[in-house]
Amino acid sequence: MAQPKEVSFKPRDPDWKARCLAAFEKQPIARTVGISITALEPGFCEMRLPFREELTQQHGFFQAGIVAMLADNAGGWAAYTLMPPKSEVLAVEFKINLMSPAKGDEMIARARVVKSGRTLTVTSIDVSMLDGGREVDVALMQQTCIAIVDSNQ
């Protein structure tokens, strides 16, 4: 898939990684379906989801909502790495192109921040499947997240 240009970002929160990992641990849906963070850097997140039959549709592929959920999570955490202390992240918009069936051993979402603003962050997420040892492109998502800053935290 076409990759956005590589940009290096400086986190606004010196404790960005601990904040992000702690918040991820509080997300019940990620535990329920089996999502894990496999890489986390400023402006980048990789998440993986092993294949589970319970997450498939009638043809035995990962259901489209599960593909979107993994991509949305990866994009949100990539955005969150650059948000200020005492903030929370929420997706406000995304568009996903499903390019081929999500079948194989493990789904991988790699999210990169394209633009990090004061409140809005745009991400691009590539989703692929490991299928027999090779990666196959599955989906491409563009997402916008918002930083919600709580001054009472």
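A quick note: this is a predicted structure, and the numbers were derived from the prediction, not measured.

Procedures and definitions
- Residues numbered from 1 in each chain as written.
- Predicted model: local features only at pLDDT ≥ 70, side-chain atom pairs only at ≥ 80, totals over all residues.
- Heavy atoms only, no water.
- Helix = DSSP H or I, 4+ residues; strand = E, 2+ residues; numbered from the N terminus.
- Buried < 20%, exposed > 50% of the residue type's maximum accessible area, 1.4 Å probe, protein only.
- Pairing = 2+ DSSP bridges.
- Axes fitted to C-alpha atoms, helices over the stretch in contact; angles between N-to-C directions.
- Contact = heavy atoms within 4.5 Å.
- 1 Å grid on protein atoms, 1.4 Å probe; cavity = no way out; pocket = protein on both sides within 12 Å on 5 of 7 lines; lining within 4 Å.
- Points joined across faces, edges and corners; volume = space filled by probe spheres on them.
- Expected span 1.5 Å × (residues − 1).
- Phe/Tyr/Trp six-rings, centres within 6.5 Å; stacked < 30°, edge-to-face > 60°.
- Lys NZ or Arg CZ within 6 Å of the ring centre and 35° of its normal.

(A) Seen up close, unusual backbone geometry. Despite not being glycine, K86 shows a phi value in the positive range, around 60°. Its place among the elements puts K86 in the loop between α3 (64-80) and β3 (87-98). In this structure K86 comes out as partly exposed when scored by relative accessible area, which is 43%.

(B) Representation of the sheet that holds strand β6 (residues 134-149) within the structure. As summarised here, the arrangement of the six strands in space is β1-β2-β4-β5-β6-β3, forming an open sheet in which the pairing is antiparallel. Looking at strand neighbours, the two that pair on one side only are β1 (36-41) and β3, the edges of this open sheet. For this sheet, the mean inter-axis angle between neighbouring strands, taken without regard to orientation, is 20°. Across five bridges, β1 lies against strand β2 (residues 44-50) in antiparallel orientation. Looking across to β2, one finds that E41 is bridged to F44. Most of the contacts of helix α1 (residues 16-25) go to β1, to which it runs at about 160°, and overall it touches β1, β2 and β3. Running over the sheet, α3 touches β1, β2, β3, β4 (106-116), β5 (120-131) and β6 and is turned about 40° from β4.

(C) Quick look at the layout of surface pockets. By volume, the largest pocket is sized at about 240 Å³. As for the largest pocket, its lining consists of 13 residues, and the residues nearest its centre are Q27, N73, W77, V89 and L90. Mapped by element, the contributors of at least two residues to the lining of the largest pocket are α3, β3 and β6.

(D) Local environment of α3. For α3, which comprises 17 residues, the first-to-last C-alpha distance of 24 Å matches the rise-based estimate of 24 Å (1.5 Å per residue) to within 8%. Where burial is concerned, most of α3 is hidden: 14 out of the 17 residues are buried.

(E) View of the packing of aromatic side chains. In the structure shown here, the tally under the stated rule is three aromatic pairs. Pairing F51 with F62 gives two aromatic rings, centres 5.5 Å apart and planes at 65°, and the pair type is edge-to-face. Of this pair, F51 sits in the loop between β2 and α3 while F62 sits in the loop between β2 and α3, and the two are eleven residues apart along the sequence. Linked through ring pairs, F24, W77 and Y80 together constitute an aromatic cluster. The ring of Y80 has R19 sitting right over it, with the charged end atom 4.2 Å from the ring centre.

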